[in-house]
Amino acid sequence: MDTGIAHKLESMSGYSIGHGQAVAIGICMDAYAARKQDLLDKTEMEQILEGFVRTGLPIWHPLLERQGKDGHPEVLQGLASFQEHLGGQLTLTLPKGIGNKIEVHDMDRKTVAESIEFLQKRHAQTKGNSVQ
């Protein structure tokens, strides 16, 4: 998700969110999606999130809550644009354990919405430790 989501998040912010910050948020969303698909265990997902928090990179941004005209998170439009860019087939890279990866070709809206909610709660727990 990170490529499509990151670019969409950057543009939604009028480019006030830096590329690295947007990618960090996208990677955190990927980690959550990987956890939901049993590609990461809870400890591995937490290691990824904590790594970003400790380095001062964001794991969530309020723009993630913005809804599109279709009632779904607006950042999902980034996945559609990325799919177009790839010629029609969506290919996303998710972590499969720490240091490994797997390519997937779909991402359901429910998982994206859940990742946003999860990261918002996680961010609230560590508020003050991450940059926005």
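Heads up: the structure comes first, above all this text.
So, a few notes on the structure that sits alongside this text. Note on numbering: residues in each chain are counted from 1, in written sequence order. Owing to the predicted nature of the model, reporting of local features is limited to residues with pLDDT of at least 70; listing and counting of side-chain atom pairs is limited to 80 or more, with chain, interface and lining totals taken over all residues. For side-chain calculations, the full set of non-hydrogen atoms in the structure is used, while hydrogens and water are omitted.

The next subject is the overall build of the protein. Across its full length, the protein holds five helices and two strands. The way it works is that DSSP assigns letters per residue, a run of H or I at least four long becomes a helix, a run of E at least two long becomes a strand, and they are numbered from the N terminus. Across the protein, helices and strands are ordered from the amino to the carboxyl terminus as α-α-α-α-β-β-α. For each residue, the accessible area found with a 1.4 Å probe, counting protein chains only, is set against the maximum for its type, and the residue is called buried under 20%, exposed over 50%, and partly exposed in between. The proportion of buried residues among the 132 residues of the protein is 47%. Note on contacts: a residue pair is in contact if any heavy atoms of the two residues lie within 4.5 Å. Here the contacts in the protein between residues at least 6 apart in sequence split such that 65% fall between residues at least 24 apart. Per-residue and other accessible areas follow the Shrake-Rupley method at a 1.4 Å probe size, with only the shown protein chains counted as cover for residues. Carbon and sulfur atoms provide 48% of the accessible area of the protein, an area that totals close to 7,000 Å².

As judged from the four bridges shared by strand β1 (residues 92-95) and strand β2 (residues 101-104), these two strands associate in the antiparallel manner. Counterpart to L94 in the pairing with β2 is I102. Strands were regarded as paired on the criterion that DSSP finds at least two bridges between them. Between β1 and β2, which pair antiparallel and follow one another directly, the connecting turn spans five residues, one of which, G97, has a positive phi of 80°.

All right, on to the packing of aromatic side chains then. One pair of aromatic rings is described through two measures. These are the centre distance and the angle between the planes. Only the six-membered ring of Trp is used, alongside the rings of Phe and Tyr, when aromatic pairs are assigned; centres must lie within 6.5 Å, and planes under 30 degrees apart are stacked while those over 60 apart are edge-to-face, with the rest tilted. Taken as a whole, this structure holds one aromatic pair when the rule is applied. A ring pair is formed by Y32 and F118, whose centres lie 5.0 Å apart and whose planes are at 35°; its orientation type is tilted. In this pair, Y32 sits in helix α2 (residues 19-36) while F118 sits in helix α5 (residues 109-125), placing the two residues 86 residues apart along the sequence. F118 gets classed as partly exposed once you look at its relative accessible area, which sits at 24%.

When their charged atoms lie close together, side chains carrying opposite charge are able to pair. What makes a salt bridge here is a side-chain nitrogen of Lys or Arg within 4 Å of a carboxyl oxygen of Asp or Glu, nothing more. Scanning all chains against the criterion turns up nine salt bridges. Between E50 and R122 there is a salt bridge whose closest N-O contact spans 3.5 Å. Of this pair, E50 sits in helix α3 (residues 42-55) while R122 sits in helix α5, and the two are 72 residues apart along the sequence. Look at E50 and you get partly exposed, because its relative accessible area is 27%. With a closest N to O distance of 3.6 Å, R66 and E74 form a salt bridge.

This part covers the packing of α2 against α3. Relative orientation of the contacting elements α2 and α3 amounts to 170°, with a least axis distance of 9 Å. Considering the angle they form, α2 stands roughly antiparallel to α3. Within the contact between the two elements, α2 uses A24, I27, C28, A31, Y32 and R35 and α3 uses K42, M45, I48, L49 and F52. All amino acids are sorted into three groups, where Ala, Val, Leu, Ile, Met, Phe, Trp, Tyr, Cys and Pro are nonpolar, Asp, Glu, Lys and Arg are charged, and the leftover types, Gly among them, are polar. Split by residue class, the contact of α2 with α3 holds nine nonpolar, no polar and two charged. Fitted lines through C-alpha atoms serve as axes, helices being fitted only where they are in contact, and the angles separating the N-to-C directions of these axes extend from 0 to 180 degrees. Here roughly perpendicular refers to angles of 65 to 115 degrees, roughly parallel to angles under 35, roughly antiparallel to angles over 145, and oblique to all remaining angles.

The subject of this paragraph is the nonpolar core. Definition used in this section: a nonpolar core is a set of buried Ala, Val, Leu, Ile, Met, Phe, Trp, Tyr and Cys residues joined via side-chain atoms within 4.5 Å. The biggest cluster of nonpolar side chains holds 35 residues, and the ones touching the most others in it are L9, M29, L64, V75, L94 and I116. Only α1 (2-12), α2, α3, β1 and α5 provide two or more residues apiece to this core. The element contributing the most residues to this core is α2, with 10 residues. Not counting the four nearest positions on each side in its chain, L94 is found in contact with D30, A33, A34, Q37, L39, N100, K101, I102, V104 and M107.

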